[in-house]
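Below are the chains, spelled out letter by letter.
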Amino acid sequence: VPKEEINRRVEETMKILDFDEILLKRRPGQLSGGQKQRVALGRAIVRKPSVFLMDEPLSNLDAKLRIQMRAEITRIHKQVGATTIYVTHDQTEAMTMGSKIVVMKDGIIQQVDTPLNLYNHPVNTFVATFLGSPQMNLLEGKIIKRKDEFYFVSGDLEVLINESMLLQMKNYKEDMDVYLGIRPSDISLSNEGYKTKVELIEQLGNETILYVNLPGKEDMSIVSSTEKNLRIINGDEINLNFDLNHIHLFDKET
């Protein structure tokens, strides 16, 4: 490549990466972790490839830098416009950066869809628990029919299931063993509902995460609340309501 072309491409790439002349003159050992990652991106961009393959490029960075670089890579992707295949174990990276996500387990594709469709309509329990933080609760129980209504029953917990939810299960039959999936944000505190005890509390500022015991689950279930000034301590008894419009059902066998 002619020297003029090299200089032109380096300058173009510097603008995309928001690098200045001072950084360009530094040696690798004088760069921070984030700057080194940007240089690595620059080495790929300057070649003008038609496809980028990024294999966990942010895994070695601290949490704050990872968030900054996540936004930086998204901006660069929009500017460069090349197809990018991005491998990650971080579901936040996948949800925020991907226009299409391929969820894999043991080398086998589980589901391919947009981030929101994966989040709202997972096809199996692996996808359901992989996306979302805190992860979805999975309760083990049975589907019982009483008169014209269907219920998920696990111990003394009963949740009304509407028929549109049952249509998701192709091989539905009564007394079928199922998992009921519900995200922590779809469980609310109320004056009525299922009674349980708070085992652990995590205060995150903008939300409070409660760990409780629910039937059909070996480890503790998770409830998240964004209510300000939540006056609850470990050992308190609380009542829980499930949002019936955001329940997921999974055939236990398949």
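On a predicted model such as this, the values are computed, not experimentally measured, just so you know.

Caption draft 1: View of the sheet that holds strand S6 (residues 149-154). Here five strands make up an open sheet; going across it, the order is S7-S6-S5-S8-S14 and the pairing antiparallel. The sheet is open, and its two borders are formed by strand S7 (157-161) and strand S14 (248-251), each paired with just one other strand. Neighbour-to-neighbour, the strand axes of the sheet open up by a mean angle of 40°, direction not taken into account. When S6 meets S7, the two strands line up antiparallel, connected through five bridges.

Caption draft 2: Geometry of the packing of helix H3 (residues 33-45) against helix H4 (residues 63-80). One can describe the packing of H3 onto H4 by two numbers: an axis separation of 11 Å at closest approach and a directional angle of 20°. What the angle tells us is that H3 and H4 run roughly parallel. The element H3 and its partner H4 pack so that their crossing is right-handed. For the pair H3 and H4, contact is made by Gly-33, Gly-34, Gln-37, Arg-38, Leu-41 and Ile-45 and by Leu-65, Met-69, Glu-72, Ile-73, Ile-76 and Val-80, respectively.

Caption draft 3: Looking closely at the nonpolar core. Among the nonpolar cores identified, the biggest contains 27 residues, and Val-159, Ile-161, Leu-180, Leu-240, Phe-242 and Leu-249 are the most heavily contacted of them. Residue assignment for this core shows that the elements contributing at least two residues are strand S5 (137-146), S6, S7, helix H8 (163-166), strand S8 (177-182), strand S10 (194-203), strand S11 (208-212) and strand S13 (237-242). Excluding residues that lie within four positions of it along the chain, Ile-161 makes contacts with Ile-143, Phe-150, Tyr-151, Phe-152, Leu-166, Leu-180, Ile-247 and Leu-249. Grouped together as the second largest cluster of nonpolar side chains are 17 residues, Leu-41, Met-54, Ile-73 and Met-97 included.

Caption draft 4: Broad picture of the pattern of salt bridges. Tallied over the full model, the rule gives nine salt bridges. The salt bridge partner of Arg-8 is Glu-12, with a shortest N-O separation of 2.4 Å. You can see Arg-8 and its partner Glu-12 sitting in helix H1 (residues 3-17), four residues apart, about one turn around the helix. Lys-142 serves as the salt-bridge partner of Asp-177, at 2.9 Å between the closest nitrogen and oxygen. Here Asp-177 is found in strand S8, whereas its partner Lys-142 is found in strand S5, with 35 residues between them in sequence. For Lys-142, a relative accessible area of 34% translates into the label partly exposed. One salt-bridge network, held together by shared partners, links Glu-5, Arg-8, Arg-9, Glu-12 and Lys-48.

Rules and cut-offs
- Residues numbered from 1 in each chain as written.
- Predicted model: local features only at pLDDT ≥ 70, side-chain atom pairs only at ≥ 80, totals over all residues.
- Heavy atoms only, no water.
- Pairing = 2+ DSSP bridges.
- Helix = DSSP H or I, 4+ residues; strand = E, 2+ residues; numbered from the N terminus.
- Axes fitted to C-alpha atoms, helices over the stretch in contact; angles between N-to-C directions.
- Parallel < 35°, antiparallel > 145°, perpendicular 65-115°, else oblique.
- Left-handed = near helix turned anticlockwise from the far one by under 90°.
- Contact = heavy atoms within 4.5 Å.
- Core = buried A, V, L, I, M, F, W, Y, C linked by side-chain atoms within 4.5 Å.
- Buried < 20%, exposed > 50% of the residue type's maximum accessible area, 1.4 Å probe, protein only.
- Salt bridge = Lys/Arg side-chain N within 4 Å of Asp/Glu carboxyl O.

Treat this as a map of the structure, not an account of what it does.
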